[in-house]
Amino acid sequence: MTDMRRFIERMPKAELHVHVEGTLEPELKFDLARRNGIELPYRSVEEMRAGYDFDDLPSFLEAYYEGMSVLLTEQDFCALTTAYLTKAHSQNVLYAEMFFDPQAHTTRGIAYDTVIRGIRRAQEDARSRLGIRSQLIMCFLRDMSADSAAEALEQSLPYREWIVGVGLDSDEKGNPPIKFKAVFARARAEGFRLTMHCDVDQKNSTRHIRQTLDDIGVERIDHGVNALEDEELCNEIMRRGLALTVCPISNDCVTGSLKALEIRRMLEMGMRATVNSDDPAYFGGYVNENLVATQEAADLSRDQVVRLVANAFEASWLPADEKRALRGRLDSYVESAVGA
Ligand code: HPA
Ligand code: ZN
């Protein structure tokens, strides 16, 4: 193993862009299908993995939603979340902000309460057993109506203390940020932090990123790599100090490029880029693999790798004291690793 790889693997990290439903590994999917008496269209884990051959966002989303059919009970959501947090902990992730997609479950007849209680139980258990801290971000599905998003927001209010922010995911084509202007304004009034996906190489990518700034007022941008095509847009993102949660292996799966050189350019310009796994069970890499792939493809220096991870701690939605404490653990690690 190279020194750089070892340095990355042992580094205390944060993850800000991971969909909990996208962490459903084929083995667990089979177990849950068996437990719930659901027939899957695959005979084996290998066959399922071989079917994960995406060339764009819609082809990924088809597999992603199909996979959720095995998640029925609170116990299932708990098992899913426990598996992710255990894996993240094994990669020295100290803190994770996880997206979940309630509409993808309530439209299948699963109660909002079932979904969030299962996830919450796993978060509490992982924190006390492993020490890994996590928070939840509720995503609205942008290919559903704004009314449906408003309904999901309403359903979330009894669990307000369990959700730190709201986001927007699913198919971006024809579903611009502005479609959700009213529901995001309402979410802000309820005290939620705001982020949105601006997926890579979409039609109207830069226009959508501009809307997240001018019409929505996001505090972070998920993906957002295409901002680099517009200097003014980059300047505005930097002026506001917004972080971008980039997901290189995901980008590679749906666009054919890790966008590693773009990440390096963001760092060189002073943009607050971070590296994340998105849907690791489908794209085949957790946060360590994403950082290693990016470092190798863009020949990042150790300082640049540290900058990516420091950006994630700094852009996290934790209280300031907790943020400082986690950042301190990164600094101690870097100090102890100097010359190693
Ligand atoms: N983009 C859009 N929708 C998604 C993603 C993503 O990266 N992951 C899960 N749903
Ligand atoms: Zn995503």
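Everything quoted here is computed from the prediction, not taken from an experiment.

This part takes up the overall build of the chain. In terms of regular secondary structure, the chain is built from 17 helices and 8 strands. Compactness check: the chain gives a C-alpha radius of gyration of 19 Å against a globular reference of 20 Å for 340 residues, within 12% of the reference. Dimensions of the chain, computed from the C-alpha atoms along their principal axes, are close to 55 × 45 × 40 Å. Residue burial in the chain is summarised as follows: out of 340 residues, 56% are buried. Counted over contacts in the chain with a minimum sequence separation of 6, partners at least 24 positions apart contribute 78%. About 13,600 Å² of surface is accessible on the chain, with carbon and sulfur atoms providing 47% of the total. Charged side chains of the chain number 41 positive and 56 negative; the gap between the two group centres comes to 4 Å.

On to the packing of helix H16 (residues 302-314) against helix H17 (residues 320-337). Direction vectors running N to C along H16 and H17 enclose 165°, while the axes themselves pass 9 Å from each other. In terms of axis orientation, H16 runs roughly antiparallel to H17. The two elements H16 and H17 cross, and the hand of that crossing is right-handed. Residues Arg302, Val306, Val309, Ala310, Phe313 and Glu314 of H16 form the contact with H17, whose participating residues are Lys323, Leu326, Arg327, Leu330, Val334 and Ala337. Taken together, the residues that form the contact of H16 with H17 break down as 8 nonpolar, no polar and 4 charged.

Here the focus is the site of ligand 1. Residues in close proximity to ligand 1 include His19, Leu57, Phe60, Leu61, Tyr64, Asp169, Ser170, His197, Asp199, His223, Asp278 and Asp279, which together make up its full environment. A distance of 2.8 Å separates a nitrogen atom of ligand 1 from a polar side-chain atom of Asp199. Take Asp279: an N or O atom from its side chain is 2.7 Å from a nitrogen atom of ligand 1. Calculation on ligand 1 without its partners gives an accessible area of 260 Å², and the protein chains cover 99% of this total. The element contributing the most residues to the shell around ligand 1 is helix H4 (residues 57-67), with 4 residues.

Moving on: the side chain of Lys29. Inspection of the secondary structure puts Lys29 in helix H2 (residues 26-35). The side chain of Lys29 is buried and forms no salt bridge, while Glu66, the nearest opposite charge, is found at 4.4 Å. In terms of polar contacts, Lys29 uses its side chain to reach the side chain of Tyr282, at 3.4 Å. Not counting the four nearest positions on each side in its chain, Lys29 is found in contact with Leu24, Leu40, Met48, Tyr52, Glu66, Gly67, Val70 and Tyr282.

Tracing the sequence through the fold places Thr294 in helix H15 (residues 287-298). Discounting residues that sit within four places of it in the chain, Thr294 has contacts with Pro248, Ala260, Ile263, Val275, Asp299 and Leu300.

Turning our attention to the environment of Ala63. As for its position among the elements, Ala63 is in helix H4. Look at Ala63 and you get buried, because its relative accessible area is 12%. C-alpha of Ala63 to C-alpha of Pro26: the two residues are 37 residues apart in sequence and 11 Å apart in space. In this structure Ala63 touches Phe54 and Tyr282, once residues within four positions along its chain are discounted.

Okay, H15 next. For H15, spanning 12 residues, the distance from its first C-alpha to its last is 16 Å, which sits close to the expected 16 Å at 1.5 Å a residue. Among the 12 residues in H15, 9 count as buried, and that is most of the element. When we look at burial in H15, the residues that qualify are Val287, Asn288, Asn290, Leu291, Val292, Ala293, Thr294, Gln295 and Ala298. Once H15 ends, the next one or two residues include Asp299, with phi positive near 50°.

Now for helix H5 (residues 74-90). Each turn of an α-helix holds 3.6 residues, which means side chains three or four residues apart point in the same direction. Across its 17 residues, H5 extends 24 Å between first and last C-alpha, which sits within 8% of the 24 Å expected from 1.5 Å per residue. Within H5, burial applies to Asp76, Phe77, Cys78, Leu80, Thr81, Tyr84, Leu85 and Ala88. The secondary structure elements touched by the buried residues of H5 are strand S1 (13-19), H2, strand S2 (93-100), helix H6 (102-106), helix H7 (112-130) and strand S3 (133-141). Of the residues flanking the end of H5, it is Asn92, one or two places downstream, whose phi is positive at about 65°.

What follows deals with the environment of Gly131. Relative to the helices and strands, Gly131 resides in the loop between H7 and S3. Measuring from C-alpha to C-alpha, the distance between Gly131 and Leu94 comes to 7.6 Å, with 37 residues separating the pair along the chain. If sequence neighbours within four positions are ignored, Gly131 has contacts with Leu94 and Ala126.

A word on the packing of aromatic side chains. Considering all chains together, one arrives at 14 aromatic pairs under this definition. Residues Phe100 and Tyr112 carry aromatic rings whose centres are separated by 6.2 Å and whose planes lie at 75° to one another, so their mutual orientation is edge-to-face. Taken as a pair, Phe100 in strand S2 and Tyr112 in helix H7 lie far apart in primary sequence, 12 residues in all. Phe100 sits in the buried class, given a relative accessible area of 1%. With relative accessibility at 6%, the residue Tyr112 sits in the buried group. Summarising the aromatic geometry, the rings of Phe140 and Phe184 are spaced 5.7 Å apart at their centres and angled 75° between planes, so their arrangement reads as edge-to-face.

Calculation notes
Residues numbered from 1 in each chain as written. Chains lettered and ligands numbered in written order. Predicted model: local features only at pLDDT ≥ 70, side-chain atom pairs only at ≥ 80, totals over all residues. Heavy atoms only, no water. Helix = DSSP H or I, 4+ residues; strand = E, 2+ residues; numbered from the N terminus. Rg over C-alpha atoms; globule rule 2.2 N^0.38 Å. Buried < 20%, exposed > 50% of the residue type's maximum accessible area, 1.4 Å probe, protein only. Contact = heavy atoms within 4.5 Å. Areas by Shrake-Rupley, 256 points an atom, 1.4 Å probe, with all protein chains shown as cover. Lys, Arg positive; Asp, Glu negative; His and termini not counted. Charge placed at Lys NZ, Arg CZ, Asp CG, Glu CD. Axes fitted to C-alpha atoms, helices over the stretch in contact; angles between N-to-C directions. Parallel < 35°, antiparallel > 145°, perpendicular 65-115°, else oblique. Left-handed = near helix turned anticlockwise from the far one by under 90°. Nonpolar A, V, L, I, M, F, W, Y, C, P; charged D, E, K, R; others polar. Near = heavy atom within 4 Å. Polar contact = N/O pair within 3.5 Å; in protein donor to acceptor, adjacent residues only side chain to side chain. Salt bridge = Lys/Arg side-chain N within 4 Å of Asp/Glu carboxyl O. Expected span 1.5 Å × (residues − 1). Phe/Tyr/Trp six-rings, centres within 6.5 Å; stacked < 30°, edge-to-face > 60°.

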